Amino acid sequence: SAAVTDVAFAGQTLWSSGRDGTVRAWRVQDGAAQAVLQHPAPVSSLDVTPNRVLTAADDDTVRLWSFDGRLQSELHLPGARRVRASADGRMLAATTDGPRVWLCLVAHEVCDPLEGHTAAARDLEFDPSGRWLVTGSADGDLRVWDVETADSRVLRGHEAPVFDIDVSVDGR
């Protein structure tokens, strides 16, 4: 059996991704399987927006799926490992094996690199407004990116890598 790599709630559905290349949807109230999405490579991360599921896999792709399992779009992002979407689903961002972070406009399938970390970016989250993206890195830094300008503010002080970021849904 393969490790579960990420989970995300969408209403009464829990989505999970795994190193076996699957993404599964579970009905929370009774545990019934609702959908299985199949990747050709291990899935390292997933996120859920109001209208789709995003996945990052070890084949350097971020895929966007409908809730019924249809592949809507595929982005080739070298080294993509963690993926997160803005609350409105308009933007997505992905960490890589290295210090680069990708920021993408979903509708146009246009992605730009965000440069600044000196070691691998490990996690990321948008704030509820979608204006700010927070990234954490093995260099111990947090960066707060303005997604409109791609400028970042560095927050230093951790003496070890930053592996996990969470942002409150109400922005507090």
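Keep in mind it's a predicted model, so treat the numbers as computed, not measured.

**Focus: the overall build of the chain**
Now for step 1: Within the chain one finds zero helices and 16 strands.
Now for step 2: Over its C-alpha trace the chain gives a radius of gyration of 15 Å, about what one expects of a compact globule, namely 16 Å for 172 residues.
Now for step 3: Taken over the C-alpha atoms alone, the chain extends approximately 45 × 30 × 30 Å along its principal axes.
Now for step 4: Across the 172 residues of the chain, 48% fall into the buried class.
Now for step 5: Across the chain, contacts joining residues at least 24 apart in sequence account for 31% of those joining residues at least 6 apart.
Now for step 6: Roughly 8600 Å² of accessible area belongs to the chain as shown, and the carbon and sulfur atoms make up 49% of that amount.
Now for step 7: Charge-centre separation for the chain: the mean point of 17 positive side chains lies 1 Å from the mean point of 26 negative side chains.

**Quick notes on the pattern of salt bridges**
Now for step 1: With the rule as written, the count across this model stands at 17 salt bridges.
Now for step 2: Among the charged side chains, a network of salt bridges with common partners joins Asp6, Arg82, Arg84, Asp123 and Glu125.

**Quick look at the environment of Ala56**
Now for step 1: Tracing the backbone shows Ala56 in strand β6 (residues 53-57).
Now for step 2: C-alpha separation for the pair Ala56 and Asp112, spaced 56 residues apart in sequence, amounts to 17 Å.
Now for step 3: Apart from the residues lying within four places of it in its own chain, the contact partners of Ala56 are Val43, Ser44, Ser45, Thr61, Val62, Ala80, Arg81, Arg82 and Val83.

**Regarding the nonpolar core**
Generally speaking, nonpolar side chains in soluble globular proteins are found buried as a group.
Now for step 1: Val62, Leu64, Leu75, Leu77, Leu92 and Cys104 are the most contacted members of the largest nonpolar core, which totals 15 residues.
Now for step 2: Secondary structure elements with two or more residues in this core: β6, β7 (61-65), β9 (83-85), β10 (91-95) and β11 (101-105).

**A few points about the sheet that holds β9**
One key point about sheets: their strands pair by backbone hydrogen bonds, in either a parallel or an antiparallel sense.
Now for step 1: Strand order in the open sheet formed by four strands is β9-β10-β11-β12, with antiparallel pairing between adjacent strands. Pairing within the sheet leaves two strands with one partner each, and these edge strands are β9 and β12 (110-114). Adjacent strand axes in the sheet meet at a mean angle of 20°, parallel and antiparallel pairs treated alike.
Now for step 2: Relative to β11, β10 runs antiparallel, the two being bridged by five bridges. Each residue of the ladder has a partner; that of Ala94, found in β11, is Trp102.

**Quick notes on the side chain of Arg143**
Now for step 1: Within the fold, Arg143 resides in strand β15 (residues 142-146).
Now for step 2: It is Asp141 that comes nearest to the buried, bridge-free Arg143 among opposite-charge side chains, at 5.2 Å.
Now for step 3: Here the side chain of Arg143 touches Gly116 through a polar contact of 2.9 Å, landing on its backbone oxygen.

About the criteria used
- Residues numbered from 1 in each chain as written.
- Predicted model: local features only at pLDDT ≥ 70, side-chain atom pairs only at ≥ 80, totals over all residues.
- Heavy atoms only, no water.
- Helix = DSSP H or I, 4+ residues; strand = E, 2+ residues; numbered from the N terminus.
- Rg over C-alpha atoms; globule rule 2.2 N^0.38 Å.
- Buried < 20%, exposed > 50% of the residue type's maximum accessible area, 1.4 Å probe, protein only.
- Contact = heavy atoms within 4.5 Å.
- Areas by Shrake-Rupley, 256 points an atom, 1.4 Å probe, with all protein chains shown as cover.
- Lys, Arg positive; Asp, Glu negative; His and termini not counted.
- Charge placed at Lys NZ, Arg CZ, Asp CG, Glu CD.
- Salt bridge = Lys/Arg side-chain N within 4 Å of Asp/Glu carboxyl O.
- Core = buried A, V, L, I, M, F, W, Y, C linked by side-chain atoms within 4.5 Å.
- Pairing = 2+ DSSP bridges.
- Axes fitted to C-alpha atoms, helices over the stretch in contact; angles between N-to-C directions.
- Polar contact = N/O pair within 3.5 Å; in protein donor to acceptor, adjacent residues only side chain to side chain.

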